[in-house]
Amino acid sequence: MDDVLISPRREKNEPMLPPTGLLLPNPSEQATIPGLVKEYGLKRQFFFNSQLFYNDQFFLAGPAVGAPMAAICLEKLIALGARRIVVYGWCGALSPKLRIGELFLPEFGLSEEGTSSHYPTKHTTDPLLRHRLQALLEKAQYSPKTGGVWTTDALYRETRRKVHEYPEQGVFAVDMEYTALEAVARYRQVLLGSVFLVSDELFGDTWEAGYRRKSFRSFSRQVLSLLVSSVHKGTL
């Protein structure tokens, strides 16, 4: 048994969450939250320096940038009753196989963050929820790509060498939370699936950022709306 000093737990005045919900690591998605709160009648709960909203059907939590914060938030969500968590965020493309504005479903992760090593588990996505997410996106006429994700703490240390080498291992995207979240989910034995929207490209001669485009932001809201509607209806 682990000899840990602090364990996540539900405090006296904290709610019991419904089992299914979304974790949104990216702060940019927070602009969409007020509309969703109004549409679905969500209540608000104190949640560290993040936000947590819920009703009887689902919850929304975020932002949670970086592996440590994302893991802390997920641990607390699980302590409050979360059992099926959909992570929706953005990622960078390491290969021309991925382009700005495309959707990506990770199958495994390459960890270069400092959190997941504290959880003795592999960085592979549970196929059950991933398959459900893929079916949902394909039914909505999207064509998500799949592959591995490189998770790093050092946003400004993504070197050209790694961008060239990692796609040879089937790693086509980069983010800052994935492997840590997968480690926590597997350790706590809950389902977790991730959907990424490709926000930028690192494989060209220069870095190409697409997240500033209005069309990109509009599409991101569209995808989030689809995921929220699905967890509200209980189809995931």
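Notes on the structure in this doc start here. Bear in mind the structure is a predicted one, so any value in this text is a computation, not a measurement.

What counts and what doesn't
Residues numbered from 1 in each chain as written. Predicted model: local features only at pLDDT ≥ 70, side-chain atom pairs only at ≥ 80, totals over all residues. Heavy atoms only, no water. Pairing = 2+ DSSP bridges. Helix = DSSP H or I, 4+ residues; strand = E, 2+ residues; numbered from the N terminus. Salt bridge = Lys/Arg side-chain N within 4 Å of Asp/Glu carboxyl O. Buried < 20%, exposed > 50% of the residue type's maximum accessible area, 1.4 Å probe, protein only. Core = buried A, V, L, I, M, F, W, Y, C linked by side-chain atoms within 4.5 Å. Contact = heavy atoms within 4.5 Å. Phe/Tyr/Trp six-rings, centres within 6.5 Å; stacked < 30°, edge-to-face > 60°. Axes fitted to C-alpha atoms, helices over the stretch in contact; angles between N-to-C directions. Parallel < 35°, antiparallel > 145°, perpendicular 65-115°, else oblique. Left-handed = near helix turned anticlockwise from the far one by under 90°. Nonpolar A, V, L, I, M, F, W, Y, C, P; charged D, E, K, R; others polar.

Moving on to the pairing of strand 6 (residues 103–112). As paired strands, strand 6 and strand 9 (residues 191–201) are joined by 2 bridges and run antiparallel to one another. If you follow Leu103 over to strand 9, its bridge partner there is Leu197. Where strand 6 and strand 7 (residues 145–152) come together, 8 bridges link them in parallel fashion. When the sheet's bridge partners are listed, Glu112 is paired in strand 7 with Thr152.

Further remarks concern the pattern of salt bridges. Within the structure shown, the criterion is met by 9 salt bridges. Lys76 is the salt-bridge partner of Glu14, the closest N and O atoms lying 2.8 Å from each other. In this pair, Glu14 is assigned in the segment before strand 1 (20–23) and Lys76 in helix 2 (residues 67–79), connecting sequence segments 62 residues apart. Residue classification places Glu14 among the buried positions, given a relative accessible area of 15%. Overall, the relative accessible area of 11% leaves Lys76 in the buried class. For Glu75, the salt bridge is made with Arg188, and the minimal N-O distance between the two is 2.8 Å. Taken together, the positions of Glu75 in helix 2 and Arg188 in helix 5 (residues 178–188) put the pair 113 residues apart, joining distant regions of the chain.

Okay, the nonpolar core next. In this structure, Leu22, Tyr88 and Leu227 are the most contacted members of the largest nonpolar core, which totals 31 residues. For this core, the secondary-structure elements that each account for two or more residues are helix 1 (33–40), strand 5 (84–93), strand 6, helix 3 (127–139), strand 9 and helix 6 (214–233). Tallying contributions element by element places helix 6 first for this core, with 7 residues. Excluding residues within four positions of it along the chain, Leu227 makes contact with Leu22, Val86, Tyr88, Leu133, Leu136 and Val195. Counting residues in hydrophobic clusters, the runner-up holds 26 residues, among them Leu17, Phe47, Ala64 and Ala70.

What follows concerns the packing of aromatic side chains. Where two aromatic rings form a pair, the distance of their centres and the angle of their planes describe that pair. If you walk through the whole model with that rule in mind, you get 9 aromatic pairs. Note on Trp90 and Phe216: the rings are 4.9 Å apart at their centroids and 80° apart in plane angle, and the pair reads as edge-to-face. Placement of Trp90 in strand 5 and of Phe216 in helix 6 is noted, with a sequence separation of 126 residues between them. Relative to Phe196, the ring of Tyr178 lies with its centre 6.4 Å away and its plane at 65°, an arrangement referred to as edge-to-face. With Tyr178 in helix 5 and Phe196 in strand 9, this pair connects stretches of sequence that are 18 residues apart. Judged by its relative accessible area of 1%, Tyr178 falls in the buried class. Given the relative accessible area of 3%, Phe196 is considered buried. Taken together through their ring pairs, the aromatic side chains of Trp90, Trp207, Tyr211 and Phe216 make up a single cluster.

Moving on, we come to the pairing of strand 4 (residues 59–62). Burial along strand 4 is two-sided: Phe59 and Ala61 and Leu60 and Gly62, pointing in opposite directions, are all buried. In the sheet, strand 1 pairs with strand 4 via 3 bridges, with the strands oriented parallel. What sits directly across from Gly21, in strand 4, is Phe59. Sheet analysis places strand 3 (residues 50–54) next to strand 4, joined by 4 bridges and oriented antiparallel. Looking across to strand 4, one finds that Phe53 is bridged to Leu60. A loop of 4 residues connects strand 3 with strand 4, the two strands running antiparallel in sequence.

Right, let's talk about the packing of helix 2 against helix 5 for a bit. The axes of two packed helices give the description: the angle between them and the distance between them. Across the interface, helix 2 lies against helix 5 with an axial gap of 8 Å and an inter-helix angle of 30°. When the interaxial angle is binned, helix 2 and helix 5 end up roughly parallel. Remark: the crossing between helix 2 and helix 5 carries right-handed chirality. Here Ala67, Ala70, Ala71, Leu74, Glu75 and Ile78 of helix 2 lie close against helix 5, whose contacting residues are Ala180, Leu181, Val184, Ala185 and Arg188. When the residues that make up the contact of helix 2 with helix 5 are grouped by side-chain class, the tally is 9 nonpolar, no polar and 2 charged.

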